[in-house]
Amino acid sequence: MEIQADKSPPPMNDKASLICDPHLPGCTIGMVGGGQLGRMFAVAAAAMGYKVVIFTDAENSPASHVADQTVVGDLNDQAAIDRFAEQCDVITLEFENIPATTIARCRKFAPTYPSASVLATAQDRLVEKTTFHDAGLPVTPFRKVHDFDSLQSVGEELGWPLIIKTARSGYDGKGQHRIESASDANQVQWSTATEWIAEQCIQFEKEVSVIVARTPDGRCETFPIFENTHANHILDISVAPADLTNSMAEEARRIAVAAAEILDVVGLLCVELFVRGDKILINEVAPRPHNSGHLTIEGCETSQFEQHVRAVCNLPLGSTKQRTPTAAMANLLGDLWAPDGQAPDWMAALADPGISLHLYGKAQPKPSRKMGHLTITGQDRDAVVSRLTEARAKLPQADRS
Ligand code: ATP
Ligand code: MG
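Residues numbered from 1 in each chain as written. Chains lettered and ligands numbered in written order. Predicted model: local features only at pLDDT ≥ 70, side-chain atom pairs only at ≥ 80, totals over all residues. Heavy atoms only, no water.

Draft legend 1. Seen up close, the overall build of the chain. Looking only at helices and strands, the chain features 12 helices and 17 strands. Over its C-alpha atoms the chain spans a radius of gyration of 21 Å, differing by no more than 12% from the 21 Å that the globule rule assigns to 401 residues. Its C-alpha atoms give the chain principal-axis dimensions of roughly 55 × 55 × 50 Å. Classification of the 401 residues of the chain by burial places 53% in the buried group. Of the contacts formed within the chain by residues at least 6 apart in sequence, a portion of 64% connects residues at least 24 apart. With the model as given, the accessible surface of the chain reaches about 17,300 Å², and the carbon-plus-sulfur share is 50%. (Helix = DSSP H or I, 4+ residues; strand = E, 2+ residues; numbered from the N terminus. Rg over C-alpha atoms; globule rule 2.2 N^0.38 Å. Buried < 20%, exposed > 50% of the residue type's maximum accessible area, 1.4 Å probe, protein only. Contact = heavy atoms within 4.5 Å. Areas by Shrake-Rupley, 256 points an atom, 1.4 Å probe, with all protein chains shown as cover.)

Encoded structure:
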């Protein structure tokens with residue numbers, strides 16, 4: 001799509017300066033991004049009586065199916081940004097790789113959360129880790145690297161193996177390599193990215209995440225801690241609450257709230273953490289709803305999506321208490337679809353009446369693509385997790401050939 005020539009920005013709207021007035025139901029919330037997070041946000045916002053306008057560069061996006069309106073356009077296109085933002089009383093987003101100039105332009109029409117400076121930090125692993133480290137929060141030991149020699153010397157300093165990541169644009173483990181030893185260090189194709197980070201490979205016992213909601217006037221609320229397992233670098237299963245001692249859970253919460261305050265996030269911040277012995281380290285943060293928090297829809301008195309609405313609208317935050325002692329979520333990836341596109345056997349998975357099915361309305365199932373998830377709640381952690389994995393195991397269609 002054609003990028004518009006620069007024109008003078010619209011005058012600062014009154015709405016943009018009144019940041020601490022609540023935006024009450026009936027207002028219009030703008031959501032930049034049309035994926036599954038935007039879709040579940042729009043459902044929660046509609047339930048509370050808000051209108052939602054989506055801004056996305058994709059036709060037929062998951063969020064567009066449930067929103068009041070969708071503006072489709074290049075995220076850099078000023079005319080498209082203006083068409084979107086002029087309809088909104090408050091604006092938020094569902095992914096962090098949005099041009100800062102887009103957010104700055106939105107901000108001229110309506111309060112926009114999180115801010116361009118939060119995005120700038122969260123878009124770059126080096127800036128993000130440096131910010132937290134300098135503020136005294138524990139992060140995975142890391143160094144900037146750019147070539148074979150710099151990687152060698154970081155290996156000598158931090159020890160092998162190392163995890164090498166592109167500083168920007170990675171998700172679901174894309175752009176990451178595990179480098180076992182000095183002799184492996186020539187595997188990296190340095191020219192595929194402009195900036196790289198090398199991290200010590202943490203032999204963690206658990207991965208957990210904490211979602212913090214924070215309002216424009218600085219009120220914070222955390223969700224129960226999620227314990228996450230990954231398969232092929234993609235989140236597979238989350239369980240709440242994480243199996244942590246009270247003092248470790250308290251420490252994880254303290255770190256997450258401190259991270260939200262240091263960044264001055266408004267909306268949600270998910271803080272991904274590695275746990276090893278009595279140590280907790282920040283892996284990365286995401287200033288938006290997070291896959292590990294999907295179980296809050298059934299599992300908590302307020303879902304992460306409703307809490308996101310409440311936070312950006314400066315309403316009282318909802319109770320994050322779990323409804324039952326345990327809740328668990330399993331992702332459904334495109335790999336569950338047959339090569340001919342035949343959908344999984346939903347009837348079999350739903351035979352357990354405690355299973356909830358969420359599908360994101362994506363037209364094309366592809367391997368590794370997040371297509372939906374299953375959630376279950378209950379009393380006993382082991383029983384809940386085994387019912388969940390059994391339900392998912394029933395999904396592949398029986399071979400009828
Ligand atoms: P996502 O989009 O799923 O959050 P991502 O591409 O942003 O992923 P990370 O969260 O940094 O990348 O890494 C994905 C997974 O790889 C982590 O959840 C963890 O299991 C593993 N991993 C990443 N960095 C390290 C590390 N330094 N030590 C050990 N394991 C790591
Ligand atoms: Mg991650």
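Draft legend 2. A look at the site of ligand 1. Inspection of the region around ligand 1 gives 21 residues, with Lys165, Gly173, Gln176, Glu207 and Glu284 positioned closest. Here glutamine 176 contributes a side-chain N or O atom positioned 2.7 Å from an oxygen atom of ligand 1. Side-chain polar atom of histidine 230 to an oxygen atom of ligand 1: 3.2 Å apart, as the coordinates give it. For ligand 1, whose free accessible area comes to 600 Å², the fraction covered by protein is 91%. Of all elements in the fold, only strand E6 (162-166), strand E8 (196-200), strand E13 (267-276) and strand E14 (279-286) reach the threshold of two or more residues within the shell around ligand 1. Grouping the amino acids of the shell around ligand 1 by side-chain chemistry returns 6 nonpolar, 8 polar and 7 charged. (Near = heavy atom within 4 Å. Polar contact = N/O pair within 3.5 Å; in protein donor to acceptor, adjacent residues only side chain to side chain. Nonpolar A, V, L, I, M, F, W, Y, C, P; charged D, E, K, R; others polar.)

Draft legend 3. Local environment of the packing of aromatic side chains. All chains considered together, the criterion is met by 4 aromatic pairs. Geometrically, the ring pair formed by phenylalanine 55 and phenylalanine 84 is stacked, given 5.1 Å between the ring centres and 25 degrees between the ring planes. Taken together, the positions of phenylalanine 55 in strand E2 (residues 51-56) and phenylalanine 84 in helix H3 (residues 78-85) put the pair 29 residues apart, joining distant regions of the chain. For the pair phenylalanine 55 and phenylalanine 84, a shared accessibility class is recorded, and that class is buried. Relative to phenylalanine 274, the ring of phenylalanine 204 lies with its centre 4.9 Å away and its plane at 5 degrees, an arrangement referred to as stacked. Pair noted here: phenylalanine 204 is in the loop between E8 and strand E9 (206-214) and phenylalanine 274 is in strand E13, with a separation of 70 residues, a long-range link. (Phe/Tyr/Trp six-rings, centres within 6.5 Å; stacked < 30°, edge-to-face > 60°.)

Draft legend 4. Representation of the sheet that holds strand E7 (residues 176-179). If you trace the 4 strands from one edge of the open sheet to the other, you get E5-E8-E6-E7, paired in antiparallel fashion. On the outer flanks of this sheet lie strand E5 (142-145) and E7, each paired with one strand and no other. Between one strand and the next, the sheet's axes are offset by a mean angle of 25 degrees, whatever the strand orientation. Bridge count for E6 against E8 is 5 bridges, and the pairing is antiparallel. Bridging from a neighbouring strand, leucine 162 pairs with glutamine 200 of E8. Along the sheet, helix H6 (residues 125-134) contacts E5, E6, E7 and E8; its crossing angle with E5, the most-contacted strand, is approximately 145 degrees. (Pairing = 2+ DSSP bridges. Axes fitted to C-alpha atoms, helices over the stretch in contact; angles between N-to-C directions.)

Draft legend 5. Just the pattern of salt bridges, in detail. On inspection of all chains with the given rule, the structure shows 17 salt bridges. Measuring nitrogen to oxygen at the nearest pair gives 3.0 Å for the salt bridge that ties lysine 165 to glutamate 199. Here glutamate 199 lies in strand E8 and lysine 165 lies in strand E6, a separation of 34 residues in the sequence. Grouping residues by exposure puts lysine 165 and glutamate 199 together as buried. Residues aspartate 217 and arginine 219 are paired through a salt bridge, measuring 3.0 Å at the closest nitrogen-oxygen approach. With relative accessibility at 43%, the residue aspartate 217 sits in the partly exposed group. If you follow the salt bridges from partner to partner, you end up with Lys129, Lys165 and Glu199 in one network. (Salt bridge = Lys/Arg side-chain N within 4 Å of Asp/Glu carboxyl O.)

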